[in-house]
Amino acid sequence: MTETVTFAALAVEDPRSRWGSLSQAERDAAYDNNGAVADSPALIEKRNGGSAVYRKARPAGLDIPYGPKERNRWDLYPAKDPDAPCLVFIHGGYWQRNTREDFAMFMAGVQAHGWSAALPGYSLAPEVKLADIVAEIRAALDWLQAHGAAHGISGQVILSGWSAGGHLTAMALDHPLVAAGLAISGVYDLEALRYTKLNQALELSDRDIATMSPLRLPAVIKPMAIAYGTAEVPTLVNDSRNLHALRSMAHASGILLPIVRANHFNILDHLTDPDGQLTRAALELAKSHRSAQAGAAKSTS
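Owing to the predicted nature of the structure, the values given are computational and were not obtained by experimental measurement.

Caption draft 1: Molecular detail of the layout of surface pockets. Here the largest pocket defines a volume of roughly 240 Å³. Elements that contribute at least two residues to the lining of the largest pocket include exactly α6 (164-172), α8 (206-212) and α9 (234-249). Top contributing element to the lining of the largest pocket by residue count: α9, with three residues.

This is the structure in structure tokens:
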């Protein structure tokens, strides 16, 4: 395995530092978010059930296609004000499981503040490669840029995602529709994944690792908050801290947001809650973007 990108000053104990001596089971455990959370089955059941209720109560903008594949669909939840900010949220599942439908309930926090929300679906490995998934997210944003206003969504877009969706948020931050990002519990260096069971579906190549690991790419100079739970597996904690450090060295703005005692699943409670730390982070990103726009307009007038 090539060296994992690490900033020693920020590193916590990380199994990748002794990767060569680990058994296959230990390598798999380093990225096993479900296994690290004892009540993950109950939390997943709660998430899926709550999201089904949320979608059923808001059926008007569901299942809108943006591309030719089965999962190339949007769930749109427009606000009363079409110019309100919009949280675009990308679901996780290591790019090989879950659906957008199962994450609808987490839009409650920003929608309580009068925001729009939108969740794109995407094809999963092994049906497609990771590069295809990244391209689908960008195609979804292209569609929203062209057609969002017709569906009541024309405000600034804050792009967010959890787990694999955090990675996809970082990969699509440079899209012209995106004002800022909120990456949650993401994987930002793909190298070690190649030596875990997750790679059976992903089949990551050297090129994939070089071109789709945010920690191995130049920082996108847009605001992006990076959040993680302090009770998450060390590989994800370190990736979040390291990505923030990399961006800081490039003078790219955005806070590092450790959610104390949060694990990989209940961290999203802070997005459901209108006063949750993730909701507040999204609100602050939108506020900062509006202020920057106002300042730029004033300086040119």
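Caption draft 2: Structural view of empty space enclosed by the protein. Evaluation of the coordinates by the stated rule reveals two cavities of 30 Å³ or more. Taken as a whole, the largest cavity holds about 110 Å³ of empty space. Among the elements that take part in the lining of the largest cavity, helix α3 (residues 40-56) stands out by supplying four residues, more than any other. Broken down by class, the residue content of the lining of the largest cavity amounts to seven nonpolar, one polar and three charged. Of the volumes computed, that of the second largest cavity is approximately 30 Å³. Contributing to the lining of the second largest cavity are N33, A36, V37, A231, E232, V233, N263 and H264. Its residues assigned to classes, the lining of the second largest cavity shows four nonpolar, three polar and one charged.

Caption draft 3: Representation of the environment of K69 in the model. Structurally, K69 is set in the loop between β1 (64-65) and β2 (73-77). Put simply, K69 and L177 are 108 residues apart on the chain and 22 Å apart in space, counted from C-alpha to C-alpha. Look past the residues within four positions of K69 in its chain and what remains in contact with it is S123, V128 and E136.

Caption draft 4: Main features of the nonpolar core. In terms of nonpolar packing, the biggest core is built from 56 residues, with Y31, W74, V88, W95, Y122, L190 and L193 touching the most fellow members. At eight residues, the largest contribution of residues to this core is made by helix α5 (residues 130-147). If we skip the residues at most four places from it in the chain, V88 touches W74, A118, P120, L141, L144, V157, I158, L159 and S160. Core analysis: the second largest hydrophobic core is formed by 35 residues, F106, I184, A225 and L271 among them.

Scoring rules and cut-offs
Residues numbered from 1 in each chain as written. Predicted model: local features only at pLDDT ≥ 70, side-chain atom pairs only at ≥ 80, totals over all residues. Heavy atoms only, no water. 1 Å grid on protein atoms, 1.4 Å probe; cavity = no way out; pocket = protein on both sides within 12 Å on 5 of 7 lines; lining within 4 Å. Points joined across faces, edges and corners; volume = space filled by probe spheres on them. Helix = DSSP H or I, 4+ residues; strand = E, 2+ residues; numbered from the N terminus. Nonpolar A, V, L, I, M, F, W, Y, C, P; charged D, E, K, R; others polar. Contact = heavy atoms within 4.5 Å. Core = buried A, V, L, I, M, F, W, Y, C linked by side-chain atoms within 4.5 Å. Buried < 20%, exposed > 50% of the residue type's maximum accessible area, 1.4 Å probe, protein only.

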